[in-house]
Amino acid sequence: MAESVKAADDSRAPVSQRPKTMAPPSDIRDIGALVTVNIDGQDVKVPMGTTILEAAKKAGIRIPTLCYHEDLCIAGVCRICVVEVDGQRTLQAACAYPVTSPLKVKTHTRKVRQARRHVVDLLLSTHYGECYSCFRNNNCELQALAKECGVDFFRFGHPEQPRYEVDRSSYSVVRDMNKCVLCRRCVRTCIDLQEVGVLEAIGRSANTKVATFLDKPLGEVVCINCGQCINRCPTGALRANDPTDEVWAAIDDPKKHVVIQTAPSPRAAIGECFGQPPGKALTFELNTALKQCGFDRVFDTNFTADLTILEEGTELIIRLKKALVDKDPLVALPQFTSCSPGWVKYIEHFYTELLPHVSSAKSPQQMFGAIIKTYYAKLNKLDPQDIVTVALMPCSAKKFECNRQEMCSSGYKDIDYGLTTRELAQMIKEAGIDLPNMPKSNFDDPFGTATGSGVIFGATGGVMEAALRTVVELVCGIKVEDLFAHADIIPVRGFEGVRYAEIPITKVGPVPDILKPLVKDWNWLKGATLKVGICHGTANAKKVLEDIRAGGKFSECHFIEFMACPGGCLGGGGQPIPTGPAIRAARAKAIYDEDKGYAIRKSHENPDVLKIYKDFLTDGPCGHLSHKLLHTHYTARGKYIV
Amino acid sequence: MISSRRGNFTFNGIAPEAGLKAALQKGRAGVIGELSASGLKGRGGAGFPTGVKWNLAAAAKSDVKYVVCNADEGEPGTFKDRVILSDFAPLVFEGMTIGGWAIGAKKGVLYLRGEYIYLRPHLEKVLAERRKQNLLGTKILGKDGFDFDIGIRMGSGAYVCGEETALIESLEGHRGEPRNRPPFPVDTGFQNKPTIVNNVETLTWAACILSKGAAWFKKIGTDKSAGLKLYSVSGDCTRPGVYEFPLGITVAKLLGEVGGENAKAVQVGGASGRCVPASEFARTLAFEDVPTGGSIIVFGPQRDMLRVARNFMDFFVEESCGQCTPCREGNVKLLEGLELLEEGRCSMRYLRELCALGETMAVASKCGLGQSSPTAFLSIVQHFQDELMGRMHGR
């Protein structure tokens, strides 16, 4: 699965940091021509324009790097990857040097080794590294480089005092510039990969630092909390706001009933923190481990993912009916998904006029919190005040989301603490639990049944696929398997940055009971073509939103899935570090494999969901109570409002 | 300060627009051929053959190309471009126009050092005059299809913006930071279009060469360093100012001309250049020996070379763009080392370590600024080690 997160040509990154583009060869016969590079005496043939680093990888030769990252444009600033190129006076950065003619390269001559060692020594001379107390201990690229280069003393000194105050102003991201090595991966992530542009280098020389607009605290700028910068930081300069201590305290408090919900993406990735290869899901092992940690109940976020599909799907039907039957010109179509909190904050900042398009449905995380502190509390005769809701999410923006003031419609905070995959892995390690070898156990009732639709929420296109499985069946009255083999809606899958699909509604069926209060029949949809869009990464979201502004193809859509993070939730800012296209593809595979294994794969067939509409949300999806508990509203923040 | 112009400049005797007219007559290939034959090399200091640069840009396939005149004269001790811009601006613009003709560019930009803003009204006036005379604009001098105009953009005070790719970044409105090379500006320059970036003096000589012929220029100077060069001379000498000499003269000869015979050392090439001690005054100022962008700073016998070195390192610690590790952090370490020397607390071993670091900076930095920043340090330590270490023994 080749990932093209975004095209290079409309990059907003400074030109110095954009990917290399080679001018097409003047002779047509040269297109796709291979060039021979000799690296350390070994010949390797690569296409014109391949960098020395890529050529070396192909030859199986390791060149250490620091500022280089597979997902990002090239900076060539750390100078760790310098190599000797025959005929060049100076050393060249392997990551940035395109091969356009036969080259002879040496990767570890005396000159290279000395330069590399000096660069590491210089980085260590300003890196306020307190390895023992750093969350990246043993997972730090600078630490690994120091070892690889044989650093055995601080040649040029080592800071004894921090220079900067740690910025803890954001609910999601903590910035400790004392540990920053100025590789600018975060800058390139924010400006070029995500096109948010909160971080940029300021100052010169030794005063250079990565800063926000006017050097304001991160909590006061237009940061969307996606945490992609955390995933790409080589050191501990960026990390998520960690509530582990509070969660332990709640567990230790016998009066508290602590429940945790686990989202699909962390389950597909947490093994990476325990030495497992990417793509090994530990869903049921995790259930056991969480119980051993002391959580009272373990629930599956899939339950509210299914609930989200019914709420959001119903909302879409209401909007479509308003537009097509009532001819209401004010109805906002296409409807946008709302489950990615990074995306929600993005649109709140940058496209305020399109906010009415965002579904009012809360994210699955928040819905679950509201249900636990109402329905579940009542069912189990618990005082909501004594319930502590914890959410295991692949996401740093979820920490901001659960602290939104409007997220307490039950009278209590829907979700008390959001934990990232990394933080929970740390808790499990602290408890001495060997996660990969735990026996498997199921989720707890009354939300124990999950569907495959909920699981695939973790991958880009998953929400759309889940919604389509339900909408097609409810509207057309046919089995989705009749349209798509094994109910796998392949057109919406994949890693293409922006995707578009059309589903013609050739026949309609009877209106199911659950929707009868809303519509009498489906005849008004007969012959219509359902047009949907999918995008992941806010840079791609921007493309879609600009297209809508310009009245393009996506303005004709009915429903568009937006995910703030590249790859969807599985590439979220709370996931294990490192990340990269291959890692995300492996996680996606784990998620789709898990979907295949479920007996029930469609949200509207989830018996627990149907039961809650029967017993609790009795006025149905988008009814009065669900509106109170499961829906929310948004703030037009603009670029100047916090 | 108005610097003295010493002696007669070749530029004075060049007939206005003779070069441009000759260029139009010779055709594009002819202009590049003439420049290549003249052996003209970049006068900013790097010494890249101008004919080769123009030829690459001319061969690049693009409808839009640019000519950029690098007037961000920031090298400490250099002020010859200021003299050229104030006294010979028409010749500079003529050189740019010839460049535009040669590579097929329609637009030229003069990137003027921020501190030279007082020159801008004068330069704008010259440009307006040239437009009136159809030396700029459309169908220049009646040549069908030759349209070219020049705009002025101001720098904002960063030394690094004299580096051509950082200059381009700055022109585009970005933070002035050097780009990765390759690709080079001749195929991916300003706004990703083929661009030639040439020093003020280079362009002026180009105009002279077209006017007087390549043979005239090639005859002057040495085999590898053809032609004449302007020098900005300052420091401990009796006649500081801007001089014109052929390339290839010895340091001693230059010192004789400027009244600096008793110098103990000469800094050739400004902060990024090297320090030549008295024992090496027989060396020549040429690309193949001691290259220079024109800055000559004379140090008399009373000068403290440690102070001199410190002054240069202070400069680089201030002016490193902060992008790449060796330059950003390395210059700080060299400066700290000099401070230790001053306090008599720098061991020989650490000094050797710093020299090795200097070697790393020279080969591993991203751009010319970082690569040349340790040169002054290294040459002063090499030639004046006893004086530097003397502090230690004196304590």
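Predicted model, so just to flag it, every value in this text is computed and none were measured.

It is worth spelling out the overall build of chain B at this point. The helix and strand inventory of chain B stands at 15 helices and 9 strands. For 395 residues, the compact-globule formula gives about 21 Å, and the C-alpha radius of gyration of chain B, at 21 Å, lands near that figure. Its C-alpha atoms put chain B at 75 × 40 × 35 Å along the principal axes. Here chain B, with 395 residues, has 57% of them falling under the buried criterion. A separation threshold of at least 6 residues defines the contact pool for chain B, and within that pool the share at least 24 residues apart is 72%.

A few words now on the overall build of chain A. When helices and strands are tallied, chain A shows 20 helices and 17 strands. Relative to the 2.2 N^0.38 estimate, which gives 26 Å for 642 residues, the radius of gyration of chain A is 26 Å and therefore close to what a compact globule would have. Each principal axis of the C-alpha atoms in chain A carries an extent, and together these give about 80 × 65 × 50 Å. Out of the 642 residues in chain A, the part that is buried amounts to 55%. Sequence-distant contacts in chain A: of pairs separated by 6 or more residues, those separated by 24 or more amount to 76%.

So, about the sheet that holds strand 3 (residues 149-154) of chain B. Residue and element names in this part refer to chain B. What the 4 strands build is an open sheet, ordered 3-2-1-4; its pairing is parallel. Where the open sheet ends on each side, the last strands, each with one partner, are strand 3 and strand 4 (195-199). When the angles between neighbouring strand axes are averaged without regard to direction, this sheet yields 20°. Summarising the sheet, strand 1 (residues 66-71) and strand 4 pair through 5 bridges and their orientation is parallel. If you follow Tyr-66 over to strand 4, its bridge partner there is Thr-195. Of the strands in this sheet, strand 1 and strand 4 touch helix 7 (residues 200-212), which is tilted by about 95° from strand 4.

Note on interface size: it is often stated as the accessible area lost on association of the parts. Each side of the interface is counted separately: chain B has 35 residues, and chain A has 33 residues. At the level of elements, helix 10 (305-319), helix 11 (325-342) and helix 12 (348-364) of chain B are the ones that each hand at least two residues to the side of chain B that touches chain A. No other element matches helix 11 of chain B, which puts 7 residues into the side of chain B that touches chain A. Grouping the constituent residues of the side of chain B that touches chain A by class yields 12 nonpolar, 10 polar and 13 charged.

Residue and element names in this part refer to chain A. A sheet is described by the order of its strands in space; here 5 strands give the open sequence 2-1-5-3-4, paired in mixed fashion. Where the open sheet ends on each side, the last strands, each with one partner, are strand 2 (42-47) and strand 4 (92-93). In the packing of helix 2 (residues 110-126) onto the sheet, the strands contacted are strand 3 (82-85) and strand 5 (103-106), and the crossing angle to strand 3 comes to about 160°.

All names here are of chain B. Taken domain by domain, chain B holds domain 1 (15-214), domain 2 (228-299) and domain 3 (305-394). One C-alpha centre belongs to domain 1, the other to domain 2, and the line joining them spans 27 Å. In this complex, domain 1 contributes 13 residues to the contact, which on the side of domain 2 involves 19 residues. Here the residues of the side of domain 1 that touches domain 2 sort into 3 nonpolar, 5 polar and 5 charged.

Right, let's talk about the nonpolar core for a bit. Counting 308 residues, the largest nonpolar core has A:Ile52, A:Ala94, B:Val68, B:Val92, B:Val266 and B:Met313 as its most contacted members. Not counting the four nearest positions on each side in its chain, B:Met313 is found in contact with B:Asn331, B:Leu334, B:Leu335, B:Leu338 and B:Phe377.

We now examine the environment of A:Ile591. All names here are of chain A. By the secondary structure assignment, Ile-591 is in helix 18 (residues 581-596). Distance from Ile-591 to Val-259, taken between C-alpha atoms, is 23 Å for residues 332 residues apart in sequence. Beyond its immediate stretch of four places on either side in the chain, Ile-591 contacts Pro-264, Ala-268, Val-455, Ile-456, Gly-458, Ala-459 and Leu-570.

This brings us to the domain arrangement of chain A. Residues and elements named next belong to chain A. Structurally, chain A comprises domain 1 (244-303 + 365-437) and domain 2 (329-361 + 450-630). On a C-alpha basis, the centres of domain 1 and domain 2 stand 24 Å from each other. At the level of elements, helix 7 (264-269), helix 9 (302-324), helix 11 (364-379), helix 12 (397-401) and helix 13 (421-430) are the ones that each hand at least two residues to the side of domain 1 that touches domain 2. Tallied by class, the residues present in the side of domain 1 that touches domain 2 amount to 16 nonpolar, 10 polar and 6 charged.

As a further point, take helix 11 of chain B. Residues and elements named next belong to chain B. Relative to the 26 Å expected for 18 residues at 1.5 Å per residue, helix 11 spans 26 Å between its end C-alpha atoms, a close match to the ideal helical length. In terms of burial, helix 11 is a largely internal element, 14 of the 18 residues being buried. One or two steps after helix 11, the chain reaches Gly-344, where phi turns positive at roughly 70°.

As a further point, take the pairing of strand 1 of chain B. Residues and elements named next belong to chain B. Counting buried residues in strand 1 gives 6 out of 6 residues, a clear majority hidden from the surface. Taking every second residue as pointing to the same face, both faces of strand 1 are buried, with Tyr-66, Val-68 and Asn-70 on one and Val-67, Cys-69 and Ala-71 on the other. As paired elements, strand 1 and strand 2 (residues 107-112) share 6 bridges and run parallel to each other. Counted as the bridge partner of Ala-71 is Leu-112 from strand 2.

A few words now on the confidence of the model for chain A. The pLDDT averaged across chain A works out to 93; a share of 95% of its residues lies at or above 70. This stretch, residues 1-9 of chain A, has a pLDDT under 50; its non-local contacts, to residues over four places away or in other chains, come to 20 contacts.

Residues and elements named next belong to chain B. Taking burial as the measure, the 6 residues of strand 2 include 5 buried ones, the bulk of the element. Where strand 2 lies against strand 3, 6 bridges are found, and the strand directions are parallel. By the bridge assignment, Lys-107 is partnered in strand 3 with Asp-149. A crossover connection joins strand 2 to the parallel strand 3 through helix 5 (residues 120-132); in handedness this β-α-β unit is right-handed.

What follows deals with unusual backbone geometry. Cis rather than trans, the peptide bond between B:Arg181 and B:Pro182 has omega equal to -5°. Looking at the element boundaries, B:Pro182 is found in the loop between helix 6 (164-171) and strand 4. Of the consecutive residues B:Pro182 and B:Pro183, the connecting peptide bond is found in the cis state with omega at 0°. The residue B:Pro183 is located in the loop between helix 6 and strand 4 in this model. The backbone of A:Arg79 shows a phi angle near 70°, a positive value even though the residue is not glycine. Mapped onto the elements, A:Arg79 comes out in the loop between helix 1 (52-58) and strand 3. We note that A:Asn138 has phi near 75°; this positive angle belongs to a residue other than glycine. Within the secondary structure layout, A:Asn138 lies in the loop between helix 2 and helix 3 (141-148).

The next point concerns the environment of A:Trp343. Residue and element names in this part refer to chain A. In this fold, Trp-343 is placed in helix 10 (residues 341-350). Judged by the 26 C-beta atoms lying within 10 Å of it, Trp-343 falls in the buried class. For the pair Trp-343 and Ile-583, spaced 240 residues apart in sequence, the C-alpha to C-alpha distance is 22 Å. Apart from residues no more than four positions distant in its own chain, Trp-343 is found in contact with Thr-538, Ala-541, Phe-562, Met-563 and Ala-564.

Definitions and cut-offs
- Residues numbered from 1 in each chain as written.
- Chains lettered and ligands numbered in written order.
- Predicted model: local features only at pLDDT ≥ 70, side-chain atom pairs only at ≥ 80, totals over all residues.
- Helix = DSSP H or I, 4+ residues; strand = E, 2+ residues; numbered from the N terminus.
- Rg over C-alpha atoms; globule rule 2.2 N^0.38 Å.
- Buried ≥ 20, exposed ≤ 12 C-beta atoms within 10 Å, placed from the backbone.
- Contact = placed C-beta atoms within 7 Å.
- Pairing = 2+ DSSP bridges.
- Axes fitted to C-alpha atoms, helices over the stretch in contact; angles between N-to-C directions.
- Nonpolar A, V, L, I, M, F, W, Y, C, P; charged D, E, K, R; others polar.
- Domains from an automatic or database assignment.
- Core = buried A, V, L, I, M, F, W, Y, C linked by C-beta atoms within 7 Å.
- Expected span 1.5 Å × (residues − 1).
- pLDDT = per-residue confidence, 0-100.
- Right-handed = clockwise from strand over helix to strand, strands pointing away.

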